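# Descriptive structure summary
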Amino acid sequence: MSAMMSHAPHGMQGHVKPQRPLLVPDRYNGKAAWMDYQHHFEACKEVNGWNDFEAASFLMASLQGEALRCVSGVNSRVRCSYHELLRILGRRFGTDIRIGTTIQSVKVLFADIKCEGILGMDFLLPSQGILDFNRRILQIYGEEIQCTTQRGETFVARVKVASTTTIPAGHEAIVPGRIIDKGLSMAGTAVIEPLENGGEVASKGVIIGRTLVDAGKDVIPVRVFNPGDSTCEVQEGLTVGMITSADVQTQGCDSDELPPHVQDLYERSIENLDPQYHQQVKMCLVENADVFSKNSQDIGRTDIVQHSIKTWDAKPVKRETKEVPAVQPVGNRKTSARPVRPWRD
């Protein structure tokens, strides 16, 4: 690419001779990382020996697409200011963030959300990002960064069995648990979840259920199911899962309106019921509408628990087809024309 410079900004005297650049900058349309392109353009500026006015002219000539539209409405004074162009383009297409020792330019979208910021796949993929939820580690370019809260505390904590508990075969039990390494932010409602590989308790043949608990208590309940054929003992100190703070949201509902899928149930329930109890039935259905199936598609299935039908040492049985005998009327009765053949083993 070559450029002809024949006009200088207001205040500059003389004529700028046209000069072919030694290193031609690439085009920029706003889709690539802005900081990468800015570093590339700065290198071209240094190699070609451009001053700020020349750099601004070449930068304007290198823009296309969305990047060109971003600066197309600015006045001529801004177009001739290299640093003003960098500021406008940087604000539109790039923001530097630092995670660990990595400084990365990212495109930022502002929104009214509860979180201070969310890193998307457009950042994690180029930076070789790996999220290890078990270890609470974010890995970027091979560097491991501990995930913590603003107070420097971890988001999750371990839950261990507080006292040895015996669970009968085929039964569910509430096992007392204790939160280990609980930070100050771990308070209020939290959810207990099993480890990915089941953890130490899973080696006992039991299943840990997800449970909402009050993380502020010293001892919390843990749901444990024993699907086996024999009694299982869960010893004190075994890790049962991880606990994470949870936000509980309640969905309000007008008490005068029943959800459509429980309307028929309500009408059938009050058929022979004293009218003074109708409102109580309605409130009960409104508050628990989510536990009633809306159709045949939302009943759900599970593969958490499997069972088998034991036939012991019995062998498969195959029977011959039984012949249907012909019948002949005899008086008021029907008799078989021939005897029925006996069953064969």
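Residues numbered from 1 in each chain as written. Predicted model: local features only at pLDDT ≥ 70, side-chain atom pairs only at ≥ 80, totals over all residues. Heavy atoms only, no water.

Within this structure, the stated rule accounts for 5 aromatic pairs. Where Tyr37 meets Phe41, the ring centres are 6.2 Å apart and the plane angle is 35°; that geometry is what we call tilted. One end of the pair, Tyr37, and the other, Phe41, are both in helix 1 (residues 34-48), 4 residues apart, so they sit about a helical turn from each other. On the basis of relative accessible area, Phe41 is assigned to the buried category, the value being 1%. Among the aromatic residues, those joined into a ring-pair cluster are Tyr28, Tyr37, Phe41, Trp50, Phe58 and Tyr82. (Phe/Tyr/Trp six-rings, centres within 6.5 Å; stacked < 30°, edge-to-face > 60°. Helix = DSSP H or I, 4+ residues; strand = E, 2+ residues; numbered from the N terminus. Buried < 20%, exposed > 50% of the residue type's maximum accessible area, 1.4 Å probe, protein only.)

With that settled, consider the nonpolar core. Counting 23 residues, the largest nonpolar core has Val201 and Ile243 as its most contacted members. At the level of elements, strand 6 (156-161), strand 8 (171-180), strand 9 (189-193), strand 12 (220-226), strand 13 (232-234) and strand 14 (239-245) are the ones that each hand at least two residues to this core. Ranked by size, the runner-up nonpolar core spans 22 residues in total, among them Phe41, Trp50, Phe58 and Leu63. (Core = buried A, V, L, I, M, F, W, Y, C linked by side-chain atoms within 4.5 Å.)

Side chains Ile220, Val222, Val224 and Asn226 project from strand 12 onto a buried face, and the interleaved Pro221, Arg223 and Phe225 project onto a face without burial. Taken together, the 7 bridges between strand 8 and strand 12 define a ladder with antiparallel strand orientation. Note on strand 12: the bridge partner recorded for His171 is Asn226. Here strand 10 (residues 207-208) runs beside strand 12; their pairing, made up of 2 bridges, is antiparallel. The residue bridging Ile208 from the neighbouring strand is Val224, located in strand 12. (Pairing = 2+ DSSP bridges.)

Turning our attention to helix 9 (residues 278-287). His278, Lys282, Leu285 and Val286 are the residues of helix 9 that are buried. Looking down the long axis of helix 9, one finds its buried residues gathered within 100° of arc, a one-sided arrangement. In helix 9, the exposed positions that point more than 90 degrees away from the buried face belong to Gln280 and Glu287. Of the surrounding secondary structure, the elements contacted by the buried residues of helix 9 are helix 8 (260-269). (Arc of directions from axis to C-beta. Contact = heavy atoms within 4.5 Å.)

On to helix 5 (residues 82-93). Because an α-helix completes one turn every 3.6 residues, residues spaced three or four positions apart along the sequence face the same direction. Here helix 5 is 12 residues long and its end C-alpha atoms lie 16 Å apart, about the 16 Å a rise of 1.5 Å per residue gives. All of the buried residues along helix 5 are Tyr82, Leu85, Leu86, Ile88, Leu89, Gly90 and Phe93. (Expected span 1.5 Å × (residues − 1).)

This next bit is on the sheet that holds strand 4 (residues 137-140). Judged by pairing direction, the sheet is antiparallel, and its 3 strands sit side by side in the order 3-4-5 without closing on themselves. For this open sheet the edge positions go to strand 3 (130-132) and strand 5 (143-146), each flanked by a neighbour on one side alone. Looking at each pair of strands side by side, their axes are set apart by 25° on average, direction ignored. In this structure, strand 3 lies alongside strand 4, joined through 3 bridges in antiparallel fashion. In the sheet register, Ile130 faces strand 4, and the bridge partner there is Gln139. (Axes fitted to C-alpha atoms, helices over the stretch in contact; angles between N-to-C directions.)

The phi dihedral of Tyr141 is positive, around 50°, even though this residue is not glycine. Its location among the elements puts Tyr141 in the loop between strand 4 and strand 5.

The subject of this paragraph is the pattern of salt bridges. Summed over all chains, the structure comprises 6 salt bridges. As a salt-bridge pair, Glu172 and Arg223 come within 2.7 Å of each other at their nearest N and O atoms. Of this pair, Glu172 sits in strand 8 while Arg223 sits in strand 12, placing them 51 residues apart in sequence. Its relative accessible area of 44% is what places Glu172 among the partly exposed residues. Judged by its relative accessible area of 36%, Arg223 falls in the partly exposed class. For Arg210, the salt bridge is made with Glu193, and the minimal N-O distance between the two is 3.2 Å. (Salt bridge = Lys/Arg side-chain N within 4 Å of Asp/Glu carboxyl O.)

Its location among the elements puts Thr239 in strand 14. Setting aside anything within four residues of it in sequence, one finds Thr239 in contact with Val159, Lys160, Leu195, Glu200 and Val201.

Okay, the environment of Asp290 next. As for its placement among the helices and strands, Asp290 is situated in the loop between helix 9 and strand 15 (327-330). Judged by relative accessible area, Asp290 falls into the exposed class, the value being 68%. Sequence separation between Asp290 and His261 is 29 residues, and the spatial gap between their C-alpha atoms is 9.8 Å.

Once that is clear, we can look at the packing of helix 8 against helix 9. When two helices pack together, you describe them by how their axes are tilted relative to each other and by the distance separating the axes. At their nearest, the axes of helix 8 and helix 9 sit 10 Å apart, and the two run at 155° to each other. Classified by the interaxial angle, the pair formed by helix 8 and helix 9 is roughly antiparallel. The way helix 8 lies across helix 9 gives a crossing that is right-handed. In this structure, helix 8 contributes Val262, Leu265, Tyr266 and Ser269 to the contact, and helix 9 contributes His278, Val281, Lys282 and Leu285. (Parallel < 35°, antiparallel > 145°, perpendicular 65-115°, else oblique. Left-handed = near helix turned anticlockwise from the far one by under 90°.)

For the rest of this paragraph, the subject is the sheet that holds strand 12. What the 7 strands build is an open sheet, ordered 10-12-8-6-14-9-11; its pairing is antiparallel. Edge positions in the open sheet fall to strand 10 and strand 11 (211-214), since each of these has one partner strand only.

So, about the confidence of the model for the chain. A residue-level look at the chain finds 76% of positions with pLDDT of 70 or above and a mean pLDDT of 77. Considering each helix and strand of the chain separately, the mean pLDDT is smallest for strand 16 (residues 333-336), with a value of 53, and largest for strand 7 (residues 165-167), with 91. Within the model, the stretch residues 1-15 combines pLDDT values under 50 with 24 contacts to residues more than four positions away or in other chains. (pLDDT = per-residue confidence, 0-100.)

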